[in-house]
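Chain residues, written in single-letter form:
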Amino acid sequence: MELGIALALIVAAFVLGWLGAARRERGRAAGAAAAQAALAQQLNERIDRLEEDRQRMDLVLSSMLEGVILFDATGQVTYANSATEGHLGTVPRSVEGLLPLGMRSAVEHAAAERTPASSEAEVGASRWLRGSAVPVHADGSVLLVVRDVTEARRLEAVRRDFVANASHELKTPAATIQAAAETIRRASTDDPSVVPRFAAQLEGEAIRLSRIVGDLLDLSRLESGSELEDVVALDAVLRDEGERFEEPAAEAGVHLTITANGPTRVHGSARDLALLVRNLVDNAIRYTSAGGSVDVALAADAGEAVLTVSDTGVGIPTRDLPRVFERFYRVDRARSRETGGTGLGLSIVRHVVENHGGRVSVDSELGRGTRFEVRLPAAG
Ligand code: ADP
């Protein structure tokens, strides 16, 4: 009996032990399956994130203005964004097919030397491209970024020309002032009678110098925009400026009339709008001979304030018309100088008009006269 109980207990213990092991095994299996499922989910999430990243990168690269090309270690193209074709005309399959040649050399150099390299080349009609090649991996993969630098080069040329022209314009009066000052110093002992003549020359050139510097300062201020803080009554500006020119016009024998039809308001800078009117009226008087006339008129038309300055002066040859708004461009250099011109007045006018969201145009007939028209958006 005792043996039977013992046996039964042993069997029971064995069965219970086996059952526990089986349960643990089943638990382990279930745990492994759950871990696998979690792993699979993590993997899926990671793939989704990578796909999202890839799509985002594609979006960024395809909306870039620059062409972006990736070359692998063997020189094959493995990626090119959509702008590439626009710049190069075609997407090369490998570095051997890359043109212009300078760009190919830059990529080869970056791959071989593991250092960035770049090149600029003219392609087509005055279009300039710059390619910057950067090694992206030690195996020799290279990323090439291609950008259109035509406008940047044009602006750089304009800046260079401007500095050269401005220096030249300033050099002449500066040299004359120096010469006149030296002559006065010597003449004050040798021949005092010539002193007034050279003193007058010195004064004249000093005034010219300060006019050029003043215009240059206005221009540089206007290049950073006008402060459009006020509603400006253009008719009042016109009246103020008109008064200022009554005397010079009378001295030049030019008949000046100013007509402002009602109050015409624009959003803008009173100071800059006065500068605009001053430059146009000053030009009209300076380029009109005695007996001629200058008419300044202001009117409202289709939501715009329209200012016209017409004269019966020397006129501008048709071929020069498109260039008169350029800095330092003059049709008749001698006349401009004699009458105190700096070659910057119309450039100032153009900047003020652009800063106020308007437009300016010019009509002229040689020997008969010129008419400038400025249109500015009216306030309210
Ligand atoms: P400037 O100081 O020489 O007058 P602007 O920039 O004001 O320079 O004008 C550029 C050139 O345009 C002048 O040199 C002149 O040849 C021409 N011009 C401007 N306004 C007139 C005008 N009303 N009549 C004839 N020529 C003009």
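Nothing here was measured: the structure is a model prediction, and the numbers come from that model.

Thresholds applied
- Residues numbered from 1 in each chain as written.
- Predicted model: local features only at pLDDT ≥ 70, side-chain atom pairs only at ≥ 80, totals over all residues.
- Helix = DSSP H or I, 4+ residues; strand = E, 2+ residues; numbered from the N terminus.
- Buried ≥ 20, exposed ≤ 12 C-beta atoms within 10 Å, placed from the backbone.
- Contact = placed C-beta atoms within 7 Å.
- Axes fitted to C-alpha atoms, helices over the stretch in contact; angles between N-to-C directions.
- Parallel < 35°, antiparallel > 145°, perpendicular 65-115°, else oblique.
- Left-handed = near helix turned anticlockwise from the far one by under 90°.
- Nonpolar A, V, L, I, M, F, W, Y, C, P; charged D, E, K, R; others polar.
- Near = placed C-beta within 6 Å.
- Pairing = 2+ DSSP bridges.
- pLDDT = per-residue confidence, 0-100.
- Expected span 1.5 Å × (residues − 1).

**Notes on the environment of Arg93**
- Assignment of secondary structure puts Arg93 in the loop between helix 2 (83-88) and helix 3 (101-113).
- Accessibility expressed as a C-beta count within 10 Å gives 12 for Arg93, which makes it exposed.
- For the pair Arg93 and Thr78, spaced 15 residues apart in sequence, the C-alpha separation works out to 8.4 Å.
- Other than its neighbours up to four places away in sequence, Arg93 contacts Gln76 and Val77.

**A closer look at the packing of helix 6 (residues 234-252) against helix 7 (residues 270-286)**
- Running from N to C, helix 6 and helix 7 point in directions that differ by 30°, and their axes come no closer than 9 Å. Between helix 6 and helix 7, the crossing angle belongs to the class labelled roughly parallel. Crossing handedness for the pair helix 6 and helix 7: right-handed. Residues Leu234, Val237, Leu238, Asp240, Glu241, Phe245, Pro248, Ala249 and Ala252 of helix 6 lie in contact with helix 7, whose contacting residues are Ala270, Leu273, Ala274, Val277, Arg278, Val281 and Ile285.
- Of the residues that constitute the contact of helix 6 with helix 7, the class distribution is 13 nonpolar, no polar and three charged.

**Quick notes on the site of the ligand**
- The environment of the ligand is made up of 23 residues, and the closest members are Arg330, Val331, Ser336, Gly341 and Gly345.
- Among the secondary structure elements, those contributing two or more residues to the shell around the ligand are helix 7 and helix 9 (345-355).
- Considered class by class, the residues forming the shell around the ligand number nine nonpolar, 11 polar and three charged.

**Structural notes on the sheet that holds strand 10 (residues 304-311)**
- Within the open sheet, the five strands sit side by side as 7-9-10-12-11. Their pairing is mixed. Two strands close off the open sheet at either side, each with one partner strand: strand 7 (255-260) and strand 11 (359-365). Between one strand axis and the next, the sheet turns by 10° as a mean value, whatever way the strands run.
- Across eight bridges, the pairing between strand 10 and strand 12 (residues 369-377) is antiparallel. For Ala305, the partnering residue across the bridge sits in strand 12 and is Leu376.

**Topic: the confidence of the model for the chain**
- Scored by pLDDT, the chain has a mean of 90; 94% of the residues are at 70 or more.
- Ignoring residues within four places in sequence, the model shows residues 1-14, a span with pLDDT below 50, making zero contacts including any to other chains.

**Focus on helix 4 (residues 150-190)**
- The end-to-end C-alpha distance of helix 4 is 59 Å, a good match for the 60 Å that 41 residues give at a rise of 1.5 Å each.
- Among the 41 residues that make up helix 4, three are buried, leaving the element largely open to the surroundings.
- Considered for burial, the residues of helix 4 that qualify are Glu169, Pro173 and Ala180.
- Elements that come into contact with the buried residues of helix 4 comprise helix 5 (195-223).

**With respect to unusual backbone geometry**
- The step from Leu99 to Pro100 runs through a cis peptide bond, and the omega angle for that step is 5°.
- Even without a glycine there, the phi angle at Arg114 is positive, about 55°.
- Following the sequence through the fold, Arg114 ends up in the loop between helix 3 and strand 3 (117-123).
- Judged by C-beta crowding, with 13 C-beta atoms within 10 Å, Arg114 ranks as partly exposed.
- Positive phi values are uncommon outside glycine, yet Phe328 reaches one of about 70°.
- Relative to the helices and strands, Phe328 resides in the loop between strand 10 and helix 8 (333-338).
- Among the residues examined, Phe328 registers 18 C-beta atoms within 10 Å and is labelled partly exposed.

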